[in-house]
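One-letter residues, chain by chain:
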Number of protein chains: 2
Amino acid sequence: MTCASGPGAEVSGPLAILCGGGAFPLEVAGETRRAGREPFLVGVVGVTDPGIEAYPHVWVRMGEVGKLFAALKGRSIAEMVLIGAMTRPEFTDLRFDWGAVKRAPELAQLFRRGDNGLLGGIASIIEREGLRIVGAHEIAPRLLAPVGRIGARAPSADDETDIALGARLLAALSAFDIGQGAIIASGRVLAIEAAEGTDAMLARVAEMRSSGRVRLSGLAGVLVKAPKQGQDLRFDMPAIGPKTIEGAAKARLRGAALAAGQVLIVERERCAREADAAGLFVAGFAHATPAG
Amino acid sequence: MTCASGPGAEVSGPLAILCGGGAFPLEVAGETRRAGREPFLVGVVGVTDPGIEAYPHVWVRMGEVGKLFAALKGRSIAEMVLIGAMTRPEFTDLRFDWGAVKRAPELAQLFRRGDNGLLGGIASIIEREGLRIVGAHEIAPRLLAPVGRIGARAPSADDETDIALGARLLAALSAFDIGQGAIIASGRVLAIEAAEGTDAMLARVAEMRSSGRVRLSGLAGVLVKAPKQGQDLRFDMPAIGPKTIEGAAKARLRGAALAAGQVLIVERERCAREADAAGLFVAGFAHATPAG
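Residues numbered from 1 in each chain as written. Chains lettered and ligands numbered in written order. Predicted model: local features only at pLDDT ≥ 70, side-chain atom pairs only at ≥ 80, totals over all residues. Heavy atoms only, no water.

Asks: Which parts of the structure should I look at to understand the overall build of chain A?
Replies: Assigned secondary structure in chain A consists of 10 helices and 13 strands. By residue count, 54% of the 292 residues in chain A fall in the buried class. (Helix = DSSP H or I, 4+ residues; strand = E, 2+ residues; numbered from the N terminus. Buried < 20%, exposed > 50% of the residue type's maximum accessible area, 1.4 Å probe, protein only.)

Asks: Help me out: how do you make sense of a nonpolar patch on the surface in this one?
Replies: A surface patch of nonpolar side chains, amounting to about 340 Å² of accessible area, comprises Phe96(A), Trp98(A) and Val101(A). Tracing the chain through its elements places Phe96(A) in the loop between strand S4 (79-83) and helix H3 (98-102). (Patch = residues over 30% accessible without salt bridge, like charges linked within 9 Å, V, L, I, M, F, W, Y side chains within 5 Å. Areas by Shrake-Rupley, 256 points an atom, 1.4 Å probe, with all protein chains shown as cover. Salt bridge = Lys/Arg side-chain N within 4 Å of Asp/Glu carboxyl O.)

Asks: When you look at unusual backbone geometry in this model, what are you seeing that I'm missing?
Replies: Residues and elements named next belong to chain A. Its identity is not glycine, yet Ser-76 carries a phi of approximately 45 degrees, on the positive side. Tracing the sequence through the fold places Ser-76 in the loop between helix H2 (65-73) and S4. Ser-76 sits in the exposed class, given a relative accessible area of 60%.

Asks: Just to check I follow, could you spell out the pairing of strand S7 (residues 181-185) of chain A for this structure?
Replies: Strand residues, when the strand is regular, have side chains that alternate between the two faces of the sheet. All names here are of chain A. Burial within S7 is extensive, with five of its five residues counted as buried. Residues Gly-181, Ile-183 and Ala-185 line one face of S7 and the alternating positions Ala-182 and Ile-184 line the opposite face, and both faces are buried. Sheet analysis places S7 next to strand S9 (residues 222-225), joined by four bridges and oriented antiparallel. Bridging across to S9, Gly-181 finds its partner in Lys-225. By the bridge criterion, four bridges tie S7 to strand S8 (residues 188-192) in an arrangement that is antiparallel. Note that in S8 the partner of Ile-184 across the bridge is Val-189. (Pairing = 2+ DSSP bridges.)

Asks: How do you make sense of the nonpolar core when you look at a structure like this?
Replies: A general trend in soluble globular proteins is that nonpolar side chains are found buried together. Among the nonpolar cores identified, the biggest contains 98 residues, and Leu169(A), Leu173(A), Ile183(A), Leu169(B), Leu173(B) and Ile183(B) are the most heavily contacted of them. Excluding residues that lie within four positions of it along the chain, Leu173(B) makes contacts with Leu169(A), Leu173(A), Ile192(A), Ile178(B), Gly179(B) and Ile192(B). (Core = buried A, V, L, I, M, F, W, Y, C linked by side-chain atoms within 4.5 Å. Contact = heavy atoms within 4.5 Å.)

Asks: Any chance you could explain the packing of helix H8 (residues 198-211) of chain B against helix H9 (residues 242-250) of chain B here in plain terms?
Replies: Any two packed helices are characterised by how steeply their axes cross, that is the angle between the axes, and by the distance between the axes. Residue and element names in this part refer to chain B. Where H8 meets H9, the closest approach of the two axes is 8 Å, and the angle between their N-to-C directions is 15 degrees. Relative to H9, the element H8 lies roughly parallel. Remark: the crossing between H8 and H9 carries left-handed chirality. Where H8 approaches H9, its residues Thr-198, Asp-199, Leu-202 and Ala-206 are matched on the opposing element by Lys-243, Thr-244, Gly-247, Ala-248 and Lys-250. Across the contact of H8 with H9, the residue classes break down as three nonpolar, three polar and three charged. (Axes fitted to C-alpha atoms, helices over the stretch in contact; angles between N-to-C directions. Parallel < 35°, antiparallel > 145°, perpendicular 65-115°, else oblique. Left-handed = near helix turned anticlockwise from the far one by under 90°. Nonpolar A, V, L, I, M, F, W, Y, C, P; charged D, E, K, R; others polar.)

Asks: Is there a simple way to explain the sheet that holds strand S11 (residues 255-259) of chain B in this structure?
Replies: Paired through their backbone hydrogen bonds, the strands of a sheet run either parallel or antiparallel. Residues and elements named next belong to chain B. Taken in spatial order, the six strands of this open sheet run S6-S13-S11-S9-S7-S8, and their pairing is mixed. Each edge of the open sheet carries a strand with a single partner, namely strand S6 (148-149) and strand S8 (188-192). Where strand S9 (residues 222-225) lies against S11, four bridges are found, and the strand directions are parallel. Paired with Lys-225 across the two strands is Leu-258, which belongs to S11. Each of strand S7 (181-185), S8 and S9 is contacted by H8, which is oriented at about 130 degrees to S8, the strand it contacts most.

Asks: How should I be thinking about the pairing of strand S1 (residues 15-19) of chain B in this particular structure?
Replies: Residues and elements named next belong to chain B. For S1, the buried fraction is high: five of the five residues fall into the buried class. Burial along S1 is two-sided: the face carrying Leu-15, Ile-17 and Cys-19 and the face carrying Ala-16 and Leu-18 are both buried. Pairing geometry for S1 and strand S2 (residues 39-44), over five bridges, is parallel. Paired with Leu-18 across the bridge in S2 is Val-42. For the handedness criterion, the β-α-β arrangement of S1, helix H1 (residues 24-34) and S2 is classed as right-handed. Judged from the five bridges that link them, S1 and strand S4 (residues 79-83) form a sheet pairing that is parallel. (Right-handed = clockwise from strand over helix to strand, strands pointing away.)

Asks: Before we go on, may I ask you to explain the relation of the copies chain A and chain B in this structure?
Replies: One chain copy maps onto the other through a rotation about an axis and a shift parallel to that axis. Each copy of the sequence occupies a distinct position, and chain A is placed on chain B by a rotation of 180 degrees and an axial shift of 0.0 Å, giving an RMSD of 0.1 Å. When the rotation and shift are considered jointly, the pair of chain copies conforms to a two-fold rotation axis. (Least-squares fit on C-alpha atoms with pLDDT ≥ 70 in both.)

Asks: Teacher, can you tell me more about helix H8 (residues 198-211) of chain A here?
Replies: Along an α-helix, a turn takes 3.6 residues, which lines up residues three or four apart on a common side. Taking 1.5 Å of rise per residue, 14 residues should cover 20 Å, and H8(A) covers 20 Å from first to last C-alpha, within 8% of that figure. Among the residues of H8(A), those classed as buried are Thr198(A), Met201(A), Leu202(A), Arg204(A), Val205(A), Ala206(A), Met208(A) and Arg209(A). Those residues of H8(A) hidden inside the fold are in contact with S7, S8, S9 and helix H9 (242-250) of chain A together with H8 of chain B. Directly after H8(A), the chain includes Gly212(A), whose backbone phi takes a positive value near 85 degrees. (Expected span 1.5 Å × (residues − 1).)

Asks: It is not clear to me how the side chain of Thr32(A) should be interpreted in this structure. Could you clarify?
Replies: Mapped onto the elements, Thr32(A) comes out in helix H1 (residues 24-34). Once residues within four sequence positions are removed from consideration, Thr32(A) is found in contact with Leu15(A), Ile17(A), Arg37(A), Glu38(A), Pro39(A) and Ile139(A).

Asks: Sorry if this is basic, but what is going on with H1(A) here?
Replies: All names here are of chain A. Here H1 has its buried residues at Phe-24, Pro-25, Val-28, Ala-29, Gly-30, Glu-31 and Thr-32. Structurally, H1 contributes buried residues whose contacts are with strand S1 (15-19), strand S2 (39-44), S4, helix H6 (136-139), strand S10 (239-240) and strand S12 (264-265). Remark: Gly-36 follows H1 within two positions and exhibits a positive phi of approximately 90 degrees.

Asks: Help me out: how do you make sense of the interface of chain A and chain B in this one?
Replies: Tallying the contact residues gives 29 residues for chain A and 29 residues for chain B. With both chains or domains summed, chain A and chain B bury close to 2,700 Å², and 60% of this area falls on carbon and sulfur atoms. Per-residue buried area on chain A facing chain B is highest for Phe176(A), Ala195(A) and Arg215(A); these three make up 25% of the total on that side. If you look at where chain A meets chain B, you find two salt bridges. (Buried area = accessible area lost by both parts, 1.4 Å probe.)

Shown next, in the form of C-alpha cells:
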C-alpha cells in the first residue's frame, strides 16, 4: 500500500475519531497528533476506554445521534475515523435523541443487516451529514502489516502452506459476512472466528491443547487474519496487538500471519519483541485486496 | 432415509463396535442387542467409556492393530461399526504391536490426512482385513433425525431462514474438511464449530451472551448440524444428545436443526422432553445427502 500524500496534508481542522472498545482508538489518536493533526474523540458510553479523556472528546450514548453531530459541527470537523471494537447493540438498549428520530429510517435499516452492513450503515449516515469517512490506515499507515516478517522469525514453507489454506478459508467465509481469523495446524482447521473475536479463539485453542482435545507437540498452528471480501477497510479493519501475541503464545502457535496492508498492528515494536521472546513469527503475507 | 432390510436381517454373528469417547457407543450397543444381534465392543484405552464392560468387549491401546484384529477373528465377526468421538492421536502416543508394523505404510498414510481422511483411512485398513464397515444408522436407524419436529415445538419461518443459511455455510466449509455445526441468529453467524466440538461451541455462545459480547433478547439463535459434503456416513456422523440440548438451553437458543437422515440423536425421547421443558425446538430439515 502506498500513501502519496502525508497524513493531514490536505485537510485542516481536527480529525474526529469515533471510538469503539479497546486501546486502538488511543493509538490512532496518538498517531494523528504525531502527524501534526488534532484528534477529537467521540466515546460511546459503556464501550469506549475512559482513556480518551486525555484528548479533546465528547461522550455519547448509543442512539444519541443528534448530540454526536452537534459536537462535530461546533468544531468544523470534516473527517472522521471509525475505530475499535463495536458491539452490535440491541434495539432496546438505544437511547434515541431528536437527531436520531429525524434519521429513523436510516437507523432502522441498520437492524436489518449483518455486522458488515451495520458499520457500512453507520458510515453512510455519517457521510450524509457531509463528513468524510477515512480509514485509520490512511491516517496512520505506520500501523499496517507490511509484506514479510515483523519480528525476528519468518514462517517456514509448511507455515506458508497453512497460511495459504487459512486465506482460502477466510475468503470462502466472506459470503457469510464473517471470517477475519482462523487457526490452521498442518492442514487442519483448528478454529474459526465468528462473533467471539480473535482473543477468545486463541484462548479456545490453548484450552483444546491443554485438555488434550487437540494433540500437537511443541509450537504448532498458525493464526491467519485477513479482512472479509467486500469489507470496507475504512472501518472494521482486522487488527492485532500485544494481547493477540500473548494469546498466540499461550496457544503455543508457531506464529501469526496478517494480510499485508489490510490488518492493523497496535504497538508494533512491542508485538515484535514479545513474539520474538515467545519464539513466534509475526509476518504479513500478500493477499488480494477485498473487492468493495 | 429408508431401510429395506431390518437390522441384522442378513448377517449373522456378532457386530463389532469400535468405540470412541462418549455415551454413544453404548447406545448403539443397546440398539444392536434390541434388534436381536450380539454386540462385541472394542474399547480404546483412555478414550472409551468403561461402561462398555457391560457387554462382551476387548480393550486395545491406540496402535495395537494386531490385537484388535486377533480379537475380532477369534469371534467370526464380519461387520464393524465405528462410533463415538475419536481424538486424532499424536504419532508418539501410539503403542504399535506387530500387527501394526505389518500395516505400517497404511498407518503412516493416516498421519498425512485431515480428520476426514483419518477415519476413512482407519475404515480402509479394517476393510482390507475382510471386515465390512457399516454405519450406526444402518444398525440403528431409530437413532437418526427425521424430517420435521422431534419435540413439541417447530421452527418458525425466521428460524427456517437461519437454518437455510447455516446449511449453506456448512456446505461451503466442507471443502476445508470441517463444519458439522454452526449457530445463526437472525442472519448473523455467531459461531462455527471446528476442532472444539459442538458442546464447546454452545458454551461459547452462552458465554458471549452472558458477557454482553453478543446482545440478543430472549431465546435467539439456531444450532444447525449437518455432515460435511463428501463425509462417509458410516463413520464420523454428526450427533446430538441430551448434553447438546442442555448446551443449547444454556445458550438460550431457539432450537436445534439437524440434517434429516444424516445426524444421530442419542436418547431421543429424553432430548425431546428436555427441549420441550426449555422451550426449544429440535427438528430435522431436508438436506442434500453429501456426495461421497
